[in-house]
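Structure assessment
Now for the letters of each chain:
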Amino acid sequence: MPNSLCDEKFTLEALDSPQNGYDSPQKESHPANIRKNHIAANSEAHVVGREANVLVIYTGGTIGMVRNKAGALEPIPNRFVSELRKYPNLHDTEYAAKKFSNANARTPLVLPLVSKELRRIIYSVHEYEPLLDSSNMTFQDWLQIVDDIWQFYQCFDGFVILHGTDTLAYTSSALSFMLENLGKTVIVTGSQIPIFETRTDGRDNFTSALIIAGNYTIPEVCVLFGAKLIRGNRATKMNTSSLDAFESPNCPPIAKIGINVEVDYRSIFRPCNDLKFSAHTNLNENVALLRLFPSISTAAIKAALQPPIEGVVLQTFGSGNIPSIRKDLMQELKLAAERGVIIVNCTQCNVGSVAGIYQTGAILSEIGILPGFDMTPEAALTKLAYVLGKETWSLDMKKQMMQSNLRGELTLSKPAEMQEEDLIEAVARSLRLSTPRELDQLGATLYPAMVNTAVVAQDTNKIKNLQSYGADLSAVDYDQRTALHVACSEGSLEVVKFLILNGVPVHARDRQDRTPLMEAISIDHHEIIKFLVRCGAHITGSSRGIGEQLCAAAARGFTNRLQSYKLAGVDLSQIDPSGRTALHLAALHGHVNTVIFLLENSVDASVQDLLGLTPIDYAKKGSYPEVVELIEKHLALDP
Ligand SMILES: NC(=O)C[C@H](N)C(=O)O
């Protein structure tokens, strides 16, 4: 996976070759045959303002289609990006010309800055080949998307997948399971009318998806359509023609898109563990959906449960009922369950859950059929394919996982109880505030400050208390800092662990673009750095900027700081904008221990800066013969 050097490495050549020297994260398997044909070079001339990088994966669908002579919609390869460049509200040519030394048809696109949003979106489009109507998509296409996100995870702040609407909910559900311990925002979107038509929903959907993917840390696979952002595994296409085609019947939206983007941070389902992002790329295709209807034949039931089928979503009536007096049907289901087929009971209704309140439903659990709670058929089916694809899990484990809430796809029980009297409500009463909006605003102001005070005091009990009063530990303060930023800058490993295990994101960037990892580096807390890296944190920013920081540390002889960068995964050979390595600066200032450290860490002693000078030339100019001798000896041993 590319690291902080992403900016220099966004060349087609680098992306085309899996052997590009990128440091890949843990992954269970690696689908072969990666098609890369449209990610452009991002060789930065200079940064003009706050920015976020978003990777757009364009798989097909109406959004990019064009009407042919007969009036039918079809995708045209290699046209999407060149068309986007013609639209001033989708591409800011002036900014691009300032940002990229030689802006051309292959450099990334720039979304004009949106008022009230912190960061300008720089986006690269990766177009699939062939472009597909989503009705033609298969599990293989999901694997492709997962693989691309996995490969470029560290290069981008967020991901947008452009997709046809017909099978979009299957894809978003599948991705939500396959992208494990996701720490960044992934948004699947499309449109009902092509983006380049005069009247279109495509432009709004695309723009909102880009803005949210780059500006908001929502570590979930989401669907953006119309005026809402919903959880990917809760989405379902409800309408063939409405511009508001998707609903999330059993779960409120994560964000509403009106004049402003209003994110309901408490509704975000956060991975509460210390595991790194990984991609699961083995799906079991022996799964099926079986929708019951009155008088369904035994033959139809039998056919749907036949080997090689290993998992079936049984779509039952109402709150999970079947024709229980049908002994033939019961017998077929029982036999299949005994053979080890996992059968999950989901309702045919769009809203609500299977409940087992009638004998006609309760009987299913007696013969080994699992409750699917309020999962959509799309979520239940793709979850089965995912769970059955976990070859190391036992059958019992797979069944247990089908009944567990893995990614917010089902509602097991009522949400955790809050404290009797909500703290914010008590304060609001004394301030004579009463509307829900005022309460929300008060909570958003007070809780981060209170949580941060508890973090500074390293008082995890107090943090837990505030959580029980309804404080969102992942909320940001006025400077966009999370409690994790504060814990890292305070150097409390225990609090850092507590916050991460309670879902606080490791990738959050504050107003100054600082991440929790940068805070830990700034106090050289090596244990926290190691822990954050274990959880998937990585360095962000341009490689030249990192080179500058390394040079600054080396000039002062701060070997410990260089060690911090090393632990954070930085290649200590990064050069600054003048082509100097940290070794040049350590040599110039005669910091012997720093020079030794850098040589031991394979920093190339023969690198010439823009003036053609090597570290030895610097040591000579600084009059440090000891350093000259040290480097010469090193070069003699390891030329
Ligand atoms: N609106 C759309 O994108 C529908 C199209 N048939 C597709 O799913 O690719």
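Residues numbered from 1 in each chain as written. Predicted model: local features only at pLDDT ≥ 70, side-chain atom pairs only at ≥ 80, totals over all residues. Heavy atoms only, no water.

Under the annotation held in an unreviewed UniProt entry, the chain carries the name asparaginase and is attributed to Hermetia illucens.

Bringing the overall build of the chain into the picture now. Check the secondary structure of the chain and you find 25 helices and 19 strands. Scaling as 2.2 N^0.38, a compact globule of 639 residues should have a C-alpha radius of gyration of about 26 Å, and the chain matches this with 27 Å. Looking at the chain as a whole, 55% of its 639 residues qualify as buried. In the chain, the proportion of contacts linking residues at least 24 apart, taken out of those at least 6 apart, comes to 72%. As displayed, the chain offers around 27,300 Å² of accessible surface, 51% of which is attributable to carbon and sulfur atoms. (Helix = DSSP H or I, 4+ residues; strand = E, 2+ residues; numbered from the N terminus. Rg over C-alpha atoms; globule rule 2.2 N^0.38 Å. Buried < 20%, exposed > 50% of the residue type's maximum accessible area, 1.4 Å probe, protein only. Contact = heavy atoms within 4.5 Å. Areas by Shrake-Rupley, 256 points an atom, 1.4 Å probe, with all protein chains shown as cover.)

The sites that carry the UniProt feature "domain: L-asparaginase N-terminal" (unreviewed entry) are, in the present numbering, residues 53-266. Counting secondary structure, residues 53-266 comes out at 23% helix and 28% strand; the distance between its end C-alpha atoms is 25 Å. (UniProt positions renumbered as here; feature names shortened; annotations may be inferred.)

Here we take up the confidence of the model for the chain. Mean pLDDT over the chain works out to 89, with 91% of the residues at or above the 70 mark. A low-confidence stretch, residues 1-5 stays under pLDDT 50, and its non-local contacts, those more than four residues away or across chains, total 21 contacts. For the stretch residues 7-47, pLDDT sits under 50, and the model shows 100 contacts to residues farther than four places along the chain or on other chains. (pLDDT = per-residue confidence, 0-100.)

The strand order across the open sheet formed by 9 strands is β4-β5-β1-β6-β8-β9-β10-β13-β14, and the pairing between neighbours is mixed. Of all strands in the sheet, those bounded by a partner on one side alone are β4 (109-110) and β14 (261-263). One ladder, built from 2 bridges, connects strand β10 (residues 228-231) with strand β13 (residues 255-257); its direction is antiparallel. Looking at β13, one finds that leucine 229 is bridged to alanine 255. Sheet strands in contact with helix α5 (residues 139-151) are β1 (51-60), β5 (120-132), β6 (158-162) and β8 (185-189), and its direction is about 150° off that of β5. (Pairing = 2+ DSSP bridges. Axes fitted to C-alpha atoms, helices over the stretch in contact; angles between N-to-C directions.)

Here the domain parsing of the chain yields domain 1 (36-279), domain 2 (287-402), domain 3 (423-534) and domain 4 (543-637). Taking only C-alpha atoms into account, the centre of domain 2 sits 64 Å from that of domain 4. (Domains from an automatic or database assignment.)

Around the ligand sit Gly61, Thr62, Asp133, Ser134, Gly164, Thr165, Asp166, Ser191 and Gln192, and that is every residue in its neighbourhood. In the model, a nitrogen atom of the ligand is placed 2.8 Å from a nitrogen or oxygen of the aspartate 166 side chain. Here a nitrogen atom of the ligand sits 3.4 Å away from a polar atom, N or O, in the side chain of glutamine 192. Across the complex, the protein chains shield 89% of the 270 Å² of accessible surface that the ligand would expose by itself. A per-class count over the shell around the ligand returns no nonpolar, 7 polar and 2 charged. (Near = heavy atom within 4 Å. Polar contact = N/O pair within 3.5 Å; in protein donor to acceptor, adjacent residues only side chain to side chain. Nonpolar A, V, L, I, M, F, W, Y, C, P; charged D, E, K, R; others polar.)

Attention shifts here to helix α19 (residues 526-534). When we look at burial in α19, the residues that qualify are His526, Ile528, Ile529, Phe531, Leu532 and Val533. Against the buried residues of α19 lie α16 (483-490), α17 (493-501), α18 (516-522) and α21 (559-567). Glycine 536 lies just past α19 and shows a positive phi near 105°.

Where two aromatic rings form a pair, the distance of their centres and the angle of their planes describe that pair. Applying the stated criterion across every chain, the model contains 11 aromatic pairs. Seen from their ring centres, tyrosine 87 and phenylalanine 196 are 5.3 Å apart, and the 35° between their planes marks the pair as tilted. In this pair, tyrosine 87 sits in the loop between α3 (80-84) and α4 (93-99) while phenylalanine 196 sits in the loop between β8 and α7 (202-215), placing the two residues 109 residues apart along the sequence. Judged by its relative accessible area of 19%, phenylalanine 196 falls in the buried class. By the ring-pair criterion, three or more aromatic residues cluster together here, those being Tyr58, Phe80, Tyr87, Tyr123, Phe196 and Phe206. Across the ring face of phenylalanine 531, the terminal group of lysine 497 is positioned such that the distance to the ring centre comes to 5.5 Å. (Phe/Tyr/Trp six-rings, centres within 6.5 Å; stacked < 30°, edge-to-face > 60°. Lys NZ or Arg CZ within 6 Å of the ring centre and 35° of its normal.)

This brings us to the nonpolar core. What tends to happen in soluble globular proteins is that the nonpolar side chains get buried as a cluster. Val455, Ile463, Val496, Leu499, Leu517, Leu532 and Leu598 are the most contacted members of the largest nonpolar core, which has 62 residues in total. No other element matches the 6 residues that helix α20 (residues 543-555) contributes to this core. Membership of the second largest hydrophobic core comes to 59 residues, among which are Ala174, Val221, Val344 and Met402. (Core = buried A, V, L, I, M, F, W, Y, C linked by side-chain atoms within 4.5 Å.)

Before going further, it helps to spend a moment on the sheet that holds strand β16 (residues 287-291). Spatial strand order, β16-β17-β18-β19: 4 strands in an open sheet with parallel pairing. The sheet is open, and its two edges are formed by β16 and β19 (370-371), each paired on a single side. Pairing geometry for strand β17 (residues 311-316) and strand β18 (residues 342-347), over 6 bridges, is parallel. Counterpart to threonine 316 in the pairing with β18 is threonine 347.

Turning next to the pairing of β16. Sheet analysis places β16 next to β17, joined by 5 bridges and oriented parallel. Its bridge partner being in β17, arginine 291 is matched across the sheet by glutamine 315. Regarding topology, helix α8 (residues 298-305) serves as the crossover connection from β16 to the parallel β17, and that connection is right-handed. (Right-handed = clockwise from strand over helix to strand, strands pointing away.)

Once that is clear, we can look at the state of the cysteines. Summed over the entire model, instances satisfying the criterion amount to 0 disulfides. The thiol sulfur of cysteine 222 is not disulfide-bonded, and the nearest other cysteine sulfur, from cysteine 251, lies at 11 Å. (Disulfide = S-S within 2.5 Å.)

Now for the pairing of β1. Taking burial as the measure, the 10 residues of β1 include 9 buried ones, the bulk of the element. Across 9 bridges, β1 lies against β5 in parallel orientation. Bridging across to β5, isoleucine 57 finds its partner in histidine 126. Here 5 bridges tie β1 to β6, and the two strands are oriented parallel to one another. Residue isoleucine 57 lies in a different strand from β6, and its bridge partner there is isoleucine 161.

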